Amino acid sequence: MTACPDRFEMVLDPSDLWTVWDRVTETPAVFGGVNVLIGLSEIEAAAACEMLNKMHRRQPGQQADAA
């Protein structure tokens, strides 16, 4: 079985700030139901993206990390 690409990715916006993009919903990612992940520094966006992708991979039915 081929690994699925990550659900969340970083996108640089025109103001040189970062958005964490949800490739499934085609909208900016939301964390905790209230925090839309837009207007972030590159470091903040990378950390959020990594955390959300790890959480997504650990959901039932998702492929586990190959480590």
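The structure displayed is predicted, hence computed values, not measured ones.

Trainee: I'd like a rundown of the overall build of the protein, residues and numbers included.
Mentor: Each helix and strand in the protein was counted, giving one helix and five strands. Seen in sequence order, the protein has helices and strands lined up from the N terminus as β-β-β-β-β-α. Considering only contacts within the protein whose residues lie at least 6 apart along the sequence, 27% involve residues at least 24 apart. As displayed, the protein has an accessible area near 4,900 Å², and 59% of this comes from carbon and sulfur atoms.

Trainee: How would you summarise helix α1 (residues 42–57) if you had to cite specific residues and measurements?
Mentor: Spanning 16 residues, α1 covers 22 Å between terminal C-alpha atoms, matching the ideal 22 Å at 1.5 Å per step. Those residues of α1 that fall on the buried side of the exposure criterion are Ala45, Ala48, Cys49, Leu52, Asn53 and His56. The arc that holds the buried residues of α1, viewed along the axis, is 125°, so those residues lie on one side. Residues of α1 that are buried make contact with β1 (8–12), β2 (18–22) and β4 (30–31).

Trainee: Go over the sheet that holds β1 with me, naming the residues and quoting the values.
Mentor: The strand order across the open sheet formed by three strands is β1-β2-β3, and the pairing between neighbours is antiparallel. Of all strands in the sheet, those bounded by a partner on one side alone are β1 and β3 (27–28). Sheet analysis places β2 next to β3, joined by two bridges and oriented antiparallel. Bridged to tryptophan 21 within β3 is proline 28.

Trainee: So what's going on with the side chain of aspartate 22? Which residues, and what values?
Mentor: Mapped onto the elements, aspartate 22 comes out in strand β2. At a separation of 2.8 Å, a polar atom in the side chain of aspartate 22 contacts the main-chain amide nitrogen of valine 24. Setting aside chain neighbours within four positions, we find aspartate 22 in contact with Arg7, Phe8, Thr27, Pro28 and Ala29.

Trainee: Report on the pairing of β1, specifying residues and quantitative values.
Mentor: Where β1 and β2 come together, five bridges link them in antiparallel fashion. Across the sheet, the residue bridging to glutamate 9 is tryptophan 21, located in β2. What sits between β1 and β2 in their antiparallel hairpin is a turn of five residues, with aspartate 16 showing a positive phi close to 65°.

Thresholds applied
- Residues numbered from 1 in each chain as written.
- Predicted model: local features only at pLDDT ≥ 70, side-chain atom pairs only at ≥ 80, totals over all residues.
- Heavy atoms only, no water.
- Helix = DSSP H or I, 4+ residues; strand = E, 2+ residues; numbered from the N terminus.
- Contact = heavy atoms within 4.5 Å.
- Areas by Shrake-Rupley, 256 points an atom, 1.4 Å probe, with all protein chains shown as cover.
- Expected span 1.5 Å × (residues − 1).
- Buried < 20%, exposed > 50% of the residue type's maximum accessible area, 1.4 Å probe, protein only.
- Arc of directions from axis to C-beta.
- Pairing = 2+ DSSP bridges.
- Polar contact = N/O pair within 3.5 Å; in protein donor to acceptor, adjacent residues only side chain to side chain.

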